[in-house]
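Read off the chains here:
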Amino acid sequence: MARFFKARFILSLSLLSVLTGCAFDPICPCTKDQPNPCREPEDDAFPTKILLRSYEGSALGALLPSNVKLTPAQALYALLEHGNRSDASTWIVGDNKEYSGYFEVFPPTQKGTLICRKFIQEMTLKTKGYGDRSYKAHGESCKNPPHTWRIVQEVQPFKTL
């Protein structure tokens, strides 16, 4: 009988600690029905504001119009969250591929309580009067579980030919 109460106590304590950690997250506030609101359980997708917030701080992302940023944000977030040790992904926006890019992520590292991943980002912008412009940058994004990813640094972009 004591074993039953001990297991129940541990389960209750675990649930309480998860809910407490989540309740202090201003991005993903907890509810009774959804203890991990950053994830939508049906398709493992992340809400738009979470994706866009994870792409804030990107020097290359700052070159993009606001209506284009969601696509690269989705590509980067998916790699950071689910990518293998060294994985890559491409993205394209526009009928004529006006905006396109590439991300590569590297193995995660532990920095205190943070989980961090370095990444490389390449992007091509098609312009009418100036031709294609290609940019490269590299940086690092960190996640403090159970919170979302944030770019903590990205080297300023430089134009490549």
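Residues numbered from 1 in each chain as written. Predicted model: local features only at pLDDT ≥ 70, side-chain atom pairs only at ≥ 80, totals over all residues. Heavy atoms only, no water.

Enquirer: I keep staring at the pairing of strand E1 (residues 87-93) and nothing clicks. Help me out?
Expert: Each regular strand shows side chains that alternate between the opposite faces of the sheet. Here seven bridges tie E1 to strand E2 (residues 99-105), and the two strands are oriented antiparallel to one another. Bridged to Val-93 within E2 is Tyr-99. Hairpin connection from E1 to E2: five residues lie between these consecutive antiparallel strands, with Gly-94 at a positive phi of about 105 degrees. (Pairing = 2+ DSSP bridges. Helix = DSSP H or I, 4+ residues; strand = E, 2+ residues; numbered from the N terminus.)

Enquirer: Is there a simple way to explain the pairing of strand E4 (residues 114-127) in this structure?
Expert: With seven bridges joining them, E2 and E4 adopt antiparallel strand pairing. By the bridge assignment, Tyr-102 is partnered in E4 with Glu-122. Where strand E3 (residues 109-111) and E4 come together, three bridges link them in antiparallel fashion. Of the residues in E4, the one forming a bridge with Lys-111 is Leu-114. What sits between the antiparallel neighbours E3 and E4 is a turn of two residues, in which Gly-112 has the positive phi angle 65 degrees.

Enquirer: I keep staring at the environment of Lys-143 and nothing clicks. Help me out?
Expert: The topology assignment puts Lys-143 in strand E5 (residues 131-143). Spatially, the C-alpha atoms of Lys-143 and Leu-114 are 5.5 Å apart, while their sequence positions differ by 29 residues. Ignoring anything within four residues of it in the chain, the contact list for Lys-143 reads Glu-81, Thr-113, Leu-114, Ile-115, Thr-148 and Trp-149. (Contact = heavy atoms within 4.5 Å.)

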